[in-house]
Amino acid sequence: MSFTWQSRIRFVDTDASRRIHYTAILRHFEAAEHEFLRHIGFGYSQITNREVGFPRVHVEVDFQSPIGYNDVLDIEVSVGRIGATSFTFLFNASVEGRPAASGKIVVVAMNPATRKSCPVPEVLAAALKSHQKEQS
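Here we summarise the structure given alongside this text. (Residues numbered from 1 in each chain as written. Predicted model: local features only at pLDDT ≥ 70, side-chain atom pairs only at ≥ 80, totals over all residues. Heavy atoms only, no water.)

1. A short note on the overall build of the chain
Working step 1: When you go through the chain residue by residue, the secondary structure sums to three helices and seven strands.
Working step 2: Going from N to C terminus, the chain has its helices and strands arranged as β-α-α-β-β-β-β-β-β-α.
Working step 3: For the chain, the C-alpha radius of gyration of 16 Å lies close to 14 Å, the compact-globule estimate for 136 residues.
Working step 4: Oriented by its inertia axes, the alpha-carbon framework of the chain measures out at about 45 × 30 × 25 Å.
Working step 5: Taking all 136 residues of the chain together, 42% fall into the buried category.
Working step 6: As displayed, the chain has an accessible area near 7800 Å², and 50% of this comes from carbon and sulfur atoms.
Working step 7: If you average the places of the 15 positive and of the 14 negative side-chain charges in the chain, the two averages end up 5 Å apart. (Helix = DSSP H or I, 4+ residues; strand = E, 2+ residues; numbered from the N terminus. Rg over C-alpha atoms; globule rule 2.2 N^0.38 Å. Buried < 20%, exposed > 50% of the residue type's maximum accessible area, 1.4 Å probe, protein only. Areas by Shrake-Rupley, 256 points an atom, 1.4 Å probe, with all protein chains shown as cover. Lys, Arg positive; Asp, Glu negative; His and termini not counted. Charge placed at Lys NZ, Arg CZ, Asp CG, Glu CD.)

Below, the structure written as structure tokens:
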């Protein structure tokens, strides 16, 4: 199951060619991730506490076609792998139905006191599993 969120490319997101700067797509993916979590009832502000934090440990982005200033991205968010201490968000962005960028972000549950990984909270893992993309 996936979730789609729209985001417009702002001037600040672009480089001199008026195309998206390669790092800016990650801000749009992260915003879509936060909206997805709110949609499933688990915004980070609700689940982040002194016992667990959620740093990103890996990101990937592939661009399929140009993304320019003022384009509206439809960003599809789904859940990939869910492990004992980490989970992966998958992103597919399109502009007017044209595939534009895809990516993934790996998030680890971390104990802030020890700075070591810890189990993903059960309630979050269950919610993520209910929105996990079918593996092919």
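2. So, the sheet that holds strand 1 (residues 3–8)
Working step 1: Across the sheet, which stays open at both edges, the five strands sit in the order 1-3-4-5-2 with antiparallel pairing between neighbours. Edge positions in the sheet fall to strand 1 and strand 2 (56–63), since each has one partner strand and no second. Adjacent strand axes in the sheet meet at a mean angle of 20° when their direction is disregarded.
Working step 2: Relative to strand 5 (residues 98–108), strand 4 (residues 86–95) is paired through ten bridges, and the arrangement is antiparallel. Following the sheet pairing, F89 is matched in strand 5 by I105.
Working step 3: Against the sheet, helix 1 (residues 24–39) touches strand 1, strand 2, strand 3 (72–82), strand 4 and strand 5, its axis set at about 140° to strand 1.
Working step 4: Where helix 3 (residues 122–129) meets the sheet, it contacts strand 3 and strand 4, and its direction lies at approximately 120° from that of strand 3. (Pairing = 2+ DSSP bridges. Axes fitted to C-alpha atoms, helices over the stretch in contact; angles between N-to-C directions. Contact = heavy atoms within 4.5 Å.)

3. Brief notes about the pairing of strand 5
Working step 1: Of all the eleven residues making up strand 5, eight are buried; the element is thus mostly covered by neighbouring parts of the structure.
Working step 2: As judged from the seven bridges shared by strand 2 and strand 5, these two strands associate in the antiparallel manner. Bridged to R56 within strand 5 is V107.

Coordinates in, geometry out; function isn't part of it.
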